[in-house]
Each structure stands twice: as structure tokens, then as C-alpha cells.
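Observations on chain architecture
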Amino acid sequence: MQHKGQGNRNAVLQWTVVLVVGVIVVGVVLGLKLIPRLNAGQDVLDGARPAFTAERVAADRAGINITSQVVDMADPIVNEQGGAAGEVPKVVAYVAKARNVTDAQALAALDKEFPRTTALLKSLPLSEVSAEIPKLVAFLSTSLKLPADQVSAALATNFPAINAAVTNLPTVTNGWEQIADIDGLTRFDGTPVTTVPELRDYFSQDVIPAVETQQGNFRSLDGTSKVNWISPLLLVVGLVVIALAAVMILRNRRGGVGGFEALGTAVIVPVVGVVVVALVLGLKLIPRTTDGQDLLDGLEPAMTAERVAGDRAGITMVEAIVNTADPIMTNEGGAAAEVPKLVAFVAEGTGLSPDEVLAALTKNFPRTTALLRPPVVRGCEGAAGGHQGHPARAGRRAAHRAGSHGPAAGGRGLARGTGGRRDDPFRREPDRDRPERARLLQRGRDPGSGEPAGELRRAERDLQDRLHRSAGAAGRADRDRVRAVHGLRRAPGPAGNCSPGGVGGHQHLRRVVAARRG
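A few points on the structure. Note that the structure is a prediction, hence the values are computed from the model and not measured.

Some words on the overall build of the protein
A tally of helices and strands in the protein yields 23 helices and zero strands. The burial tally for the protein puts 40% of its 518 residues in the buried class. Of the contacts formed within the protein by residues at least 6 apart in sequence, a portion of 68% connects residues at least 24 apart. Split by element, the accessible area of the protein, about 28100 Å² in all, is 60% carbon and sulfur.

Describing the packing of aromatic side chains
As enumerated under the stated definition, the model contains five aromatic pairs in all. Ring geometry for phenylalanine 139 versus phenylalanine 365: centroids 5.1 Å apart, planes at 70°, classification edge-to-face. Note that phenylalanine 139 is positioned in helix H7 (residues 126–144) and phenylalanine 365 in the loop between helix H16 (354–364) and helix H17 (366–372), a separation of 226 residues in sequence. Of the two residues, phenylalanine 139 and phenylalanine 365, both sit in the buried class. When the ring of tyrosine 202 is compared with that of phenylalanine 203, the centres are 5.4 Å apart and the planes differ by 45°; the resulting orientation is tilted. Each member of the pair, tyrosine 202 as well as phenylalanine 203, carries the same accessibility label: buried.

Looking at the pattern of salt bridges
Side chains that carry opposite charge are capable of pairing whenever their charged atoms lie near each other. In the structure shown here, the tally under the stated rule is nine salt bridges. Note that glutamate 212 is salt-bridged to arginine 61, the shortest N-O span being 3.1 Å. Of this pair, glutamate 212 sits in helix H10 (residues 196–221) while arginine 61 sits in helix H3 (residues 54–78); the two residues are 151 residues apart in sequence, bridging distant segments of the chain. The class for glutamate 212 is partly exposed, based on a relative accessible area of 26%. Overall, arginine 61 belongs to the partly exposed group, its relative accessible area being 23%. Between arginine 99 and glutamate 113 there is a salt bridge; the shortest N-O distance is 3.0 Å. Remark: glutamate 113 occurs in helix H5 (residues 103–113) and arginine 99 occurs in helix H4 (residues 84–99); sequence separation between them is 14 residues. Look at the salt bridges and you will find they share partners, linking Asp46, Arg49, Asp222 and Lys226 into a network.

Let's talk about the packing of H7 against helix H15 (residues 335–350)
Interhelical geometry of H7 versus H15 gives an angle of 35° and a closest axis separation of 9 Å. Of the residues in H15, those in contact with Leu140, Ser143 and Leu144 of H7 are Val346, Gly349 and Thr350. A per-class count over the contact of H7 with H15 returns three nonpolar, three polar and no charged.

So, H3
Taking 1.5 Å per residue, 25 residues should reach 36 Å; H3 reaches 35 Å between its end C-alpha atoms and fits that length. Buried within H3 are the following residues: Val57, Ile64, Ser68, Val71, Ala74, Ile77 and Val78. If you follow the buried residues of H3, they end up packed against H4, H7, helix H9 (160–175) and H10.

So, the side chain of threonine 350
Within the secondary structure, threonine 350 sits in helix H15. Judged by its relative accessible area of 0%, threonine 350 is buried. A polar atom in the side chain of threonine 350 sits 3.4 Å from the backbone nitrogen of leucine 352.

As for the packing of H7 against helix H8 (residues 148–158)
Axis separation between H7 and H8 bottoms out at 9 Å; the angle between their running directions is 105°. By the angle between their directions, the pair H7 and H8 is classed as roughly perpendicular. In this structure, H7 uses Val137, Leu140 and Ser141 to contact H8, whose residues at the interface are Ala148, Val151 and Ser152. By residue class, the composition of the contact of H7 with H8 is four nonpolar, two polar and no charged.

Regarding the nonpolar core
In terms of nonpolar packing, the biggest core is built from 34 residues, with Leu124, Ile162 and Val357 touching the most fellow members. Those elements that provide at least two residues to this core are H4, H7, H8, H9, H15 and H16. Examining the composition of this core, we find that eight residues originate from one element, H7, more than from any other. Those residues in contact with leucine 124, other than ones at most four positions away along the chain, are Ile77, Ala84, Ala85, Val88 and Arg367. Counting residues in each nonpolar core, the second largest holds 20 residues, with Ile179, Val196, Phe203 and Met317 among its members.

Calculation notes
Residues numbered from 1 in each chain as written. Predicted model: local features only at pLDDT ≥ 70, side-chain atom pairs only at ≥ 80, totals over all residues. Heavy atoms only, no water. Helix = DSSP H or I, 4+ residues; strand = E, 2+ residues; numbered from the N terminus. Buried < 20%, exposed > 50% of the residue type's maximum accessible area, 1.4 Å probe, protein only. Contact = heavy atoms within 4.5 Å. Areas by Shrake-Rupley, 256 points an atom, 1.4 Å probe, with all protein chains shown as cover. Phe/Tyr/Trp six-rings, centres within 6.5 Å; stacked < 30°, edge-to-face > 60°. Salt bridge = Lys/Arg side-chain N within 4 Å of Asp/Glu carboxyl O. Axes fitted to C-alpha atoms, helices over the stretch in contact; angles between N-to-C directions. Nonpolar A, V, L, I, M, F, W, Y, C, P; charged D, E, K, R; others polar. Expected span 1.5 Å × (residues − 1). Polar contact = N/O pair within 3.5 Å; in protein donor to acceptor, adjacent residues only side chain to side chain. Parallel < 35°, antiparallel > 145°, perpendicular 65-115°, else oblique. Core = buried A, V, L, I, M, F, W, Y, C linked by side-chain atoms within 4.5 Å.

This is how it looks when you write it as C-alpha cells:
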């Protein structure tokens, strides 16, 4: 009896140890909140998996490199602090000295030989372009006799590429030195991030290197299986062990456990242990969890609430930069093709020629016009932008050349009567109040001064005056000269590349002079 009592006490003690181990396991799972934490960890792995593929990590580096080049390109020209705007006069003076000409002559030579580069330099800094944009919209509103919101809507509808560039440019220039809503963002070493170049450095030198460094740890943790099943398994094992140990303690204290039962229940504990160990080793849970901790440590600086909020503000700024640059970087962006169409459209709405519109825009908004101005518009009378394609405009020209209000006038009336052009917010009666609009836009400036197209217009006006003063055969001769000059101005040929079969600029002038002398 004494030996049996001693055996029962030993069994109770052994099962008590098992009970304690089970309690510890359950306590760890519940106390450390392993179930919700590992579920959240699995969600992180699932969400971040696309970003941690080898191809995308390499693309991140390539992307930040091109972004860095864009920042290096834009930083000198966005505002006065960049310094490029202040260097433009020095460049002109340098060229003038090298060629032994005046600054004005040097600038004219640069404009002729390198028109696009010179136009870009004239537009600097881009912050001044941003300052002109609201005034430009107000100017167009006055000229077209439309509310400013309708002008903006019309620009967005008809010229989406130009609209995207000019709409986002103020966000870029205003936020270049102080990005909106980025307060609190710092580099991993605590250095504040407020400007676009600093944001570039933060992404290039902190965030992306962290992703590059941790991609191996991520793949290790995410490798063999999911991780969120571990904590429920441990909880179940712990609860089973506790229950079994509690039952066996009670039975041993009552003395009702036989030898076979004692042996069988005793075997369960090591079997469970062997299964758990096999899972740990087979699924490489130790190295995976170690790598997972390294992953957490490496990405922890990027995951603070302030930096995540700063990332969002920063990427919003990057988006504005892209939306500004994308339409104007290449022909595919679309803005270049829209510029002559916009000029022709405004000319249609005001009743002025594209030359007059360009001259007015250049005078009043020189930086914006320099940035957007196409290389060949003057003298083409809108052909480059498809302006000739407006039926009403073509009808008016025909009527003007014929000196009557016949079929062309009927066509114009039909367009208005059927509403074919009424949905166009730029549409206006072209001849009504033309002198007032011309004075408003030109303010006394001769838009064609010093240009072949301007010479042709002055010759045409002179001949028209003579036509009205003449009669009989002399009048008919002058009328023929008017039509000849009018046709020359409409078809500059190789010089303006507006229509085939025309003649060059010098031939224009020779024929006009001959006509005037006649």
C-alpha cells in the first residue's frame, strides 16, 4: 500500500508538470495576442507580396533613378531659387560677346537657330508661368466674353493635355520648396523632409534600400507556408495538454488508474511533443521567424504613422509632377499637337487671326506662350491646327474673297440655325465688335511687325483701301492684286509648310512689293 501511494504521488507530480507546461503555452498565445498578430502578419505578407517580387524591386530602383533625373532637371528651373532663370541673361550676353553682336541680336540668333531651347529659357522660372495662368484664363474670359469657369471647362474638354499641364503646374511650383501636408516626415536618421529634392533622397536612400535589403527576409518568411496557423495550433495543443493533465491528476489522486491506462496516457505527451517539433523543423519555423523579425526591424522606420502619412503627401506631389510633365515631354503627350489648335480655336472665337492671337498672348503672357508656343504657327493662319476645317470659318473667308453674302452667308446661317456650333463655348460672331476685341488683345501693337506674314497683311490692307477708292478697270486690276496677295498669305509653301505649291518667304515679299508697285 505504501508503494502504491508513492506511485500515485509521482504520477500526480508528473502530470502537474505537464499541466504547468500547457498553461504556459496557452498563456503565451493569449498573453502575447499571437492569433490576431499572426493574422495581421499574414495579411501584411499577402498585401506586400506583389511589391517584393525581384522584378518589381529592381523596377523600384529604376523608377527612382529616372525620378531623380527629373528632379535634377526641374530643380534649377522651377523657381528663382533654382538659379537657371538668373543665368539666362548671362548666356545671352556670353553669346553676344562671342559673336560681337548686341544682346538682342544674340537672343534673336538663338531663337532662330535653337527655337525650342530658347523658348524654354524664355519661360523660366516655371513659377512665373504658374503666376500667369489665372491671368490668362481671365484674359480669355474677357476676350471670349465667357465666364472664367466656362473657359476652364472648355479648355479641359477640348485641350485635355494642355489643361493637365497648366492645371498641375501651380501645384508643382508652389510645393517644390514646401510640399503640402508633408509635415512630420523625416528621413530614417531624423532629418526633416519638406522639399521635392529631399523627398527624392528619402525615397532613393531610405525607403527603397530598405525594400531592397529586406526582400530576402520577406521571401523566407513568406516561403513554405502561411504563418497564421501557428498560434491556433499552439493554443489547441496547450488546451488539450491542460485538460489531459487535469484529468490524470484527479484519477491518480483517487487511485483508480491501472497500469495500461497510465502507460497509454503517458505516451500521448511525448507524441504531441514529437509532432510539434517535426512541424517546427519541417517548416523551418525557426529561421523563418528569425528572418521575419529582421524584416520587421528593417522596415519599422518606414512604417511609422508620420512617415506613412508623409509618403502619401509625397506621392501626391510626384503625381502632380508627372501630370505636368507627361503632356509636354514628348509628342505622345499630346500638348504639342494641341497648341496650334488652341490658337486657332481662340482665333475663331474672337474673330482675330492666329497671328494676332499669338502676338497678344506673347505680349501679355510671355512665359506661358514661350513654354507652349509651337515652332510654326505664324503665317499659317491656323492650317497647322486644323482651323481651316471649321465650316463657318471657311464660309466667311469665301464670302470675304467673293465680296458677297451668297452661299457662304447661307452656310453660316445654317450652322447657327441648326445649332451645329452652339455647343462650342468659344463660338462668337467673328465680325461683331472686332475692332474692340482687336484693341483689347493687341493694345496698338502690330503683330506682324518684321515678319513676312505681317508684311503681307499690310500690303493687303493697302490694296484694299485702293480698291475702295478706285472704279472701273483700275478697280478690277486692284481687286486682282488683292486676291493674289490674299492667296499668297494663305499658302506660304516651303517657308511655312502650310500648303503645297506655295512659294517661300522671300518670294512672297518680292511678289507683294511688285503688286504694290503696280
